[in-house]
Amino acid sequence: MKAVLLNEIGGPEKLSIVEIPIPTPAENEVVIKIHSAALNRRDFYISHGMYPGMQTPCVLGSDGAGKVFAIGKNVSNFSIGDNVIIDPGLNWGDHDDYCRDDFTVLGMPSNGTFAEYVVVPEENVHKKPDYMSWEEAAAIPLAGVTAYRSLVTRGQLRDGETVLIPGIGSGVALYLLQMAVAIGAKVIVTSSSDEKINNALKLGAIAGYNYKDEEWHKKLRKEIGHVNLVVDGVGGENFNRLIDVTAQGGRIVSYGATNGPVPKTVMPKIFFKNMDIRGTTMGSPREFDSMLKFYEKNQLKPILDRSFMLDEAIEALKYMGEGNNFGKITLTVPNHKSL
């Protein structure tokens with residue numbers, strides 16, 4: 001099969017398109033013939049060696065959707081030819097509140113979805129939503145479950161509350177926006193791009209602020225007031241501004257820190273506000289299933305930016321690295337004339 005292999009760290013240029021054997025399923029595994037895969041920021045970071053537990057060579061890619069190609073002898077919930085979507089979180093465990101120490105994500109260290117075929121445990125396979133295209137279904141998994149756990153499980157967002165989503169335009173942030181609007185929340189966004197803010201307003205946000213303006217948090221408080229919930233994947237110096245705009249008894253949920261560590265957090269602001277700061281990562285198999293049901297109930301579809309062919313994966317990752325996309329970047333896997 002054709003696969004996108006990372007041979008050594010050093011950026012997307014170190015990827016190569018190679019031929020490797022089609023995987024064979026163990027007794028509890030499913031081999032899926034990929035129709036579409038999607039990029040995540042982690043793929044770009046992995047290519048630069050910025051991820052724990054790096055092992056090369058490895059096929060990148062966490063997100064994908066396709067048809068069941070082969071099943072292990074103990075697989076009972078799927079048949080060859082089923083249309084499926086992949087949950088990329090491996091070995092989460094039985095507890096929804098936290099994952100096991102050996103939790104990993106498909107695409108590093110195990111071979112991922114930037115290939116014509118991938119093998120995963122049966123528990124990581126779900127029925128593809130019928131109303132979605134292959135490209136739309138492939139774009140959901142990692143960002144979708146991360147957003148759902150951040151917003152619903154950890155954030156406990158309720159109808160009528162106000163939620164702030166920094167860094168709109170990234171995969172997870174857009175999923176947060178869609179889900180929060182569907183819940184009935186009032187959504188505020190930030191970005192360094194006025195164009196991305198305007199796009200978010202079209203998708204249901206009530207206000208947006210450019211965080212290049214050092215007074216953005218003061219303008220937010222004056223025009224909107226304080227927010228009940230912040231769901232942040234940015235971190236960095238602006239994190240302390242998030243504390244400033246959080247209401248008494250409010251919550252901040254952190255799922256990442258793309259802008260680096262948070263400097264000199266002002267602890268008195270946290271305890272005088274009686275607020276919570278909560279960490280989160282990905283989501284359990286139960287949350288993944290709940291996320292898909294939420295999408296189907298509300299007939300949501302992910303926002304897509306641009307699609308590349310599988311053998312254009314290097315170009316796709318470089319495009320992601322530029323940071324101008326609004327929505328998910330996908331890879332189409334061709335030659336599906338038969339199962």
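Quick note: structure is the one above.
Here the structure is a predicted model, which means the values were calculated and not measured.

K.L.:
How should the side chain of Glu122 be read in this particular structure?
P.N.:
Take Glu122: it is sitting in the loop between strand 9 (117-121) and strand 10 (125-127). Among buried Asp, Glu, Lys and Arg side chains, Glu122 stands out as unpaired, with Lys73 the closest opposite charge at 13 Å. At a separation of 2.9 Å, a polar atom in the side chain of Glu122 contacts the main-chain amide nitrogen of Asn77. Among all residues touching Glu122, those that are not within four sequence positions of it are Asn28, Glu29, Val30, Asn74, Val75, Ser76, Asn77 and Phe78.

K.L.:
Honestly, the environment of Val4 in this entry has me stumped. Any pointers?
P.N.:
Locating Val4 in the fold gives a position in strand 1 (residues 2-6). The spacing of Val4 and Tyr117 is 113 residues in sequence and 11 Å in space, taken between C-alpha atoms. If near-sequence neighbours (up to four positions away) are discounted, Val4 is found in contact with Leu15, Ser16, Ile17, Cys58, Val59, Leu60, Phe114, Leu310 and Ala313.

K.L.:
Would you mind going over the nonpolar core with me for this structure?
P.N.:
One recurring pattern in soluble globular proteins: nonpolar side chains tend to sit buried together. With 45 residues, the main nonpolar core has Leu151, Val163, Ile165, Met179, Met291 and Tyr295 as its most contacted residues. Elements supplying a minimum of two residues to this core: helix 2 (134-139), helix 3 (141-154), strand 11 (162-165), helix 4 (171-183), strand 12 (186-191), strand 14 (227-232) and helix 9 (285-298). Ignoring any residue separated from it by four or fewer positions in sequence, one finds Met179 in contact with Gly144, Ala147, Tyr148, Leu151, Met291, Phe294 and Tyr295. Counting residues in each nonpolar core, the second largest holds 42 residues, with Leu60, Ala70, Met108 and Tyr117 among its members.

K.L.:
Looking at this structure, how should I read the environment of Ile9?
P.N.:
With respect to the secondary-structure elements, Ile9 resides in the loop between strand 1 and strand 2 (15-19). Separated by 188 residues in sequence, Ile9 and Ile197 have C-alpha atoms that sit 34 Å apart. Ile9 has contacts with Lys14, Ile46, Ser47, His48, Gly49 and Met54, leaving out every residue within four places of it along the chain.

K.L.:
How do you make sense of the layout of surface pockets when you look at a structure like this?
P.N.:
Rolling a probe over the atoms, with the probe sized like a water molecule, indicates the empty space that remains. What the largest pocket holds in volume is close to 1,300 Å³. Lining the largest pocket are 48 residues, and of these Arg41, Arg42, Tyr45, Gly233 and Thr258 lie nearest its centre. Breaking the lining of the largest pocket down by element, the ones donating at least two residues are helix 1 (41-47), strand 8 (104-105), helix 3, helix 4, helix 10 (313-322) and strand 18 (328-332). For the lining of the largest pocket, the residue count by class is 22 nonpolar, 21 polar and five charged. Taken as a whole, the second largest pocket spans an internal volume of roughly 160 Å³. Contributing to the lining of the second largest pocket are 16 residues, with Leu106, Ser110, Asn111, Val118 and Val119 lying nearest its centre. Among the elements that line the lining of the second largest pocket, the one with the most residues is strand 9, at five residues. The residue inventory of the lining of the second largest pocket, partitioned by class, reads twelve nonpolar, three polar and one charged.

What counts, and where the lines are drawn
Residues numbered from 1 in each chain as written. Predicted model: local features only at pLDDT ≥ 70, side-chain atom pairs only at ≥ 80, totals over all residues. Heavy atoms only, no water. Helix = DSSP H or I, 4+ residues; strand = E, 2+ residues; numbered from the N terminus. Buried < 20%, exposed > 50% of the residue type's maximum accessible area, 1.4 Å probe, protein only. Lys, Arg positive; Asp, Glu negative; His and termini not counted. Salt bridge = Lys/Arg side-chain N within 4 Å of Asp/Glu carboxyl O. Polar contact = N/O pair within 3.5 Å; in protein donor to acceptor, adjacent residues only side chain to side chain. Contact = heavy atoms within 4.5 Å. Core = buried A, V, L, I, M, F, W, Y, C linked by side-chain atoms within 4.5 Å. 1 Å grid on protein atoms, 1.4 Å probe; cavity = no way out; pocket = protein on both sides within 12 Å on 5 of 7 lines; lining within 4 Å. Points joined across faces, edges and corners; volume = space filled by probe spheres on them. Nonpolar A, V, L, I, M, F, W, Y, C, P; charged D, E, K, R; others polar.

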